[in-house]
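# Coordinate inspection notes
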Amino acid sequence: MAAAVGLIIDDAIVVVEHIVSRLRGEGPTGAEDHRSRVLGAAGEFGRPLMGASLATIIIFLPPVFLTGVTGEFFKALSLTMAMSLIISFVIAYLAIPVLSARLLGARDAEREDSGPIFRLIQGLFAWMLRLLIRVRWIVPLVCLAWLGAGYLAFKGLPTGFMPPMDEGGFVLDYVTEPGTSLSETDRIIRQVERVLQETPEVATYSRRTGAQLGGGLTEANEGDFFVRLHGAPRRGIEDIMADVRRRIQGQAPGVDVELLQLMEDLIGDLTAVPQPIEVKLSATDPAILESEAVRVAERLRTLPGIVDVNNGLHIAGDALEIRVDQHLAALYGIDPERVNSQVGTLLAGSVVGSIIEQPKVIAIRLWTRPSERAIEDDVGDFRLATASGSTVLLRQIATIERVAGQPTISREGLRPTVSVTARTEGVDLGSAVRTVRASLDQSGALSPGVSYRLGGLYGEQQRAFRSLGAVFAAAVLLLGVLVLFMYESIRVALMLTLSCLLTIPGVVLGLRLTGTQLDISSMMGFAMIVGAAAEIGVFYVSEVFRQSGDGARDTEALVSAAIARLRPISMTSLAAILAMLPLALNIGEGAAMIQPLAIAIISGLAVQVPIILGLLPALLVVTHGRRRSEG
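Parameters and conventions
Residues numbered from 1 in each chain as written. Predicted model: local features only at pLDDT ≥ 70, side-chain atom pairs only at ≥ 80, totals over all residues. Heavy atoms only, no water. Core = buried A, V, L, I, M, F, W, Y, C linked by side-chain atoms within 4.5 Å. Buried < 20%, exposed > 50% of the residue type's maximum accessible area, 1.4 Å probe, protein only. Helix = DSSP H or I, 4+ residues; strand = E, 2+ residues; numbered from the N terminus. Phe/Tyr/Trp six-rings, centres within 6.5 Å; stacked < 30°, edge-to-face > 60°. Pairing = 2+ DSSP bridges. Axes fitted to C-alpha atoms, helices over the stretch in contact; angles between N-to-C directions. Contact = heavy atoms within 4.5 Å. Salt bridge = Lys/Arg side-chain N within 4 Å of Asp/Glu carboxyl O. Expected span 1.5 Å × (residues − 1). pLDDT = per-residue confidence, 0-100. Polar contact = N/O pair within 3.5 Å; in protein donor to acceptor, adjacent residues only side chain to side chain. Patch = residues over 30% accessible without salt bridge, like charges linked within 9 Å, V, L, I, M, F, W, Y side chains within 5 Å. Areas by Shrake-Rupley, 256 points an atom, 1.4 Å probe, with all protein chains shown as cover. Left-handed = near helix turned anticlockwise from the far one by under 90°. Nonpolar A, V, L, I, M, F, W, Y, C, P; charged D, E, K, R; others polar. Parallel < 35°, antiparallel > 145°, perpendicular 65-115°, else oblique.

With 108 residues, the main nonpolar core has F60, L511, I520, Y540, L613 and L616 as its most contacted residues. Counting residues per element, this core draws most heavily on helix α22 (residues 591-624), which supplies 21 residues. I277, L281, L303 and L454 belong to the second-largest nonpolar core, a separate cluster that totals 26 residues.

Okay, the packing of aromatic side chains next. Working definition: an aromatic ring pair is given by the centre-to-centre distance plus the angle between the planes. Counted by the stated rule, this structure contains 5 aromatic pairs. Among the aromatic residues, those joined into a ring-pair cluster are Y174, Y205 and F225.

This part covers the sheet that holds strand β1 (residues 169-175). Ordered in space as β2-β3-β1-β4, the 4 strands form an open sheet in which the pairing is antiparallel. Only two strands of the sheet have a single partner each, and these edge strands are β2 (202-209) and β4 (256-260). Here the average twist between neighbouring strands, direction ignored, is 20°. Relative to β4, β1 runs antiparallel, the two being bridged by 5 bridges. Looking at the pairing, V171 lines up with L260 of β4. The sheet contacts of helix α8 (residues 182-197) involve β1, β2 and β3 (222-229), and relative to β2 the element is tilted by about 170°.

What follows concerns the pattern of salt bridges. Summed over all chains, the structure comprises 20 salt bridges. One salt bridge connects R423 with E258, and the closest N-O pair in it is separated by 3.7 Å. Of this pair, R423 sits in strand β16 (residues 415-424) while E258 sits in strand β4, placing them 165 residues apart in sequence. Judged by relative accessible area, R423 falls into the buried class, the value being 2%. The structure contains a network of salt bridges with shared partners spanning E198, E201, R235, D243 and R247.

Within the fold, Q342 resides in helix α13 (residues 336-348). Among the residues examined, Q342 registers a relative accessible area of 17% and is labelled buried. Apart from the residues lying within four places of it in its own chain, the contact partners of Q342 are I334, R383, L384 and A385.

For helix α9 (residues 237-251), spanning 15 residues, the distance from its first C-alpha to its last is 21 Å, which sits close to the expected 21 Å at 1.5 Å a residue. Those residues of α9 hidden inside the fold are in contact with β1, α8, β3, β4 and β6 (306-310).

Averaged over the protein chain, the pLDDT score is 82; the fraction of residues at 70 or greater is 89%. The secondary structure element of the protein chain with the lowest average pLDDT is helix α5 (residues 106-110), at 63, and the one with the highest is helix α19 (residues 504-514), at 92. In this model, residues 26-31 is a region of pLDDT below 50 whose contacts with residues beyond four sequence positions or in other chains number 7 contacts. In the predicted structure, residues 626-631 sits below a pLDDT of 50 and forms 15 contacts with residues beyond four places in sequence or in another chain.

Let us look at the environment of I288. Within the fold, I288 resides in the loop between β5 (277-283) and α11 (289-301). Overall, the relative accessible area of 27% leaves I288 in the partly exposed class. A C-alpha to C-alpha distance of 8.6 Å links I288 and V450, two positions 162 residues apart in sequence. Apart from residues no more than four positions distant in its own chain, I288 is found in contact with A283, P448 and V450.

Along a regular strand, successive side chains alternate from one face of the sheet to the other. The buried fraction of β16 is high, at 7 of 10 residues. Here β5 pairs with β16 via 6 bridges, running antiparallel. Bridging from a neighbouring strand, L281 pairs with V418 of β16. Summarising the sheet, β6 and β16 pair through 3 bridges and their orientation is antiparallel. The partner of N310 across the bridge, within β16, is T421. Relative to β16, strand β15 (residues 410-412) runs antiparallel, the two being bridged by 3 bridges. Paired with R411 across the two strands is P416, which belongs to β16. Counting the residues between successive antiparallel strands, the hairpin from β15 to β16 contains 2 residues, one of them, G413, with a positive phi of roughly 60°.

Our next topic: the side chain of T176. Here T176 is to be found in the loop between β1 and α8. Judged by its relative accessible area of 4%, T176 falls in the buried class. Among the polar contacts made by the side chain of T176, one reaches the side chain of T185 at a distance of 3.5 Å. Not counting chain neighbours up to four residues away, the residues in contact with T176 comprise T185, I188, I189, N221, G254 and V255.

This part takes up a nonpolar patch on the surface. A cluster of nonpolar residues, M83, I86, V90, Y93 and L94, forms a patch on the protein surface that exposes about 450 Å² of accessible area. Relative to the helices and strands, V90 is located in helix α4 (residues 68-103). On the accessibility criterion, V90 (38% relative accessible area) is partly exposed.

Packing of α19 against helix α20 (residues 520-547) leaves a shortest axis separation of 10 Å and a crossing angle of 145°. When you trace α19 past α20, the crossing you get is right-handed. Contacts between α19 and α20 involve I504, V507, V508 and L511 on the former and, on the latter, S522, F526, I529 and V530. When its residues are assigned to classes, the contact of α19 with α20 shows 7 nonpolar, 1 polar and no charged.

Attention shifts here to the packing of helix α18 (residues 490-501) against α20. At a closest axis distance of 9 Å, the pairing of α18 and α20 adopts a crossing angle of 140°. Overall, the two elements α18 and α20 adopt an arrangement that is oblique. In this structure, α18 meets α20 at a crossing whose hand is right-handed. For the pair α18 and α20, contact is made by V492, L496, C500 and L501 and by V530, A533, A534, G537, V538, V541 and F545, respectively. Residues that form the contact of α18 with α20 fall into these classes: 10 nonpolar, 1 polar and no charged.

Following this line, the structure appears as structure tokens:
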């Protein structure tokens, strides 16, 4: 709703300004005539108001169909904006004219239209616009230079997935050496607790060993902390996390840790890979993947801005490997499937029935006594029932071998894959990925037969950017079709759509000047600012067609309409900028989440007035090829 305020009040401002401007026109100002003038002005403005509202609403329809994390992030925003704009149109079209007819009187109609300062601004603006139209050959050069500046700024933008924000706490995942017992893990992790206790910004923390914050169970050598920090004033959360990471590496070197904020951890759970950087190694020979993963992890540790590197080798605990001799088993009258079923029951038990003890149903589990499976040798003494009703010891038909922990290797596309993961510190995601690519693309970085591709949050970012790009293209196409339907002129539709797209370099320059990264939040600002520009563009072109019925070909009509719309469009732009300013300044809880969106919108609003009221008239003249009136 905070992001929608600036766009919602646009309709009301423009309608009131239009009604007042018609009241101050020539003609009688009696009470009955006054009301008829108000309602007449409202009816006259109905078509432009509906077109402008539809132009903005159309922009927010395609994002509703986004999926994944991006869809979850923008679906509510898009629906809220669309519904708010629909309600705003209804109020501006129905309620404001009725209120204006009752509250605006003859005295309002007799007041001077504008003061000397605004008349001076109007005169200067009209002179500059006529000069631009007169030297219209320079307009394409200005557009190309503006687009070039936006492209150069875009190339240098830092990129990320979600906006960086301070959530007031973080999650610390830890892993000790594979096979470490629960008691030994507890002893080692108490050193990590001391680091947290010695950090002045830490208010409280909770710890899990053999379990996860989300409630899942893990190995005895894994676990996590949830750390809550004191409120401001204090150091930034990234500085605190970096300090905690360095001190743990110095005081508890046998522990691998990963530090991440809660939102990042949640998104990681949704995408299955919480780390920003994931290098997926694949090879035709799975035997070399283990050593290759270790080699790549060591290589990543030397890169600047890359921390919390994990080689992706998840070592399982020790296991007993039971190999059944099928010939011996057949002699005793038992098949391997029966062996598997009975050994599973003896080792882990199986539910054979249940009893009811109100209000619970308690399962009856068939199992061996714990003393009969306390050590490895006990397993060989398991007695298995044969088909004939006799029994046989497991050791008589199978060999039992203890196997040390082995790395878990997954498969993607039927190829064995190991994922080496890492996090970033002090650099944006895009810069970190470029560094990783440059390192891995060097000759000899990977062994022959090994390939890699990038996933993690970077992969999710690329999918989100492609989805948002497709949504943006669809919204612009719908906007062009709407304008074509309204004015029945391909020239007007193309030039208005082009003018709306010319606000994008302003957004990019604003992000670059403020050091804001390009992420899914700021990218949504691209679509929103195109919608805002389309709204005022429809208001302007409608005024041109009202003054000149020959398809916006009259130069004087283009200039006169720009002057007439200068005040309401400037007011709506300024009102929207002021509404978004607290979010852009990161004022308030949760403002950091949509701060890039607010900065993008403000940057676009700052340039939309000169583009729509300056470049658009000149583009209409240039594309027509002649001027019917010099003015």
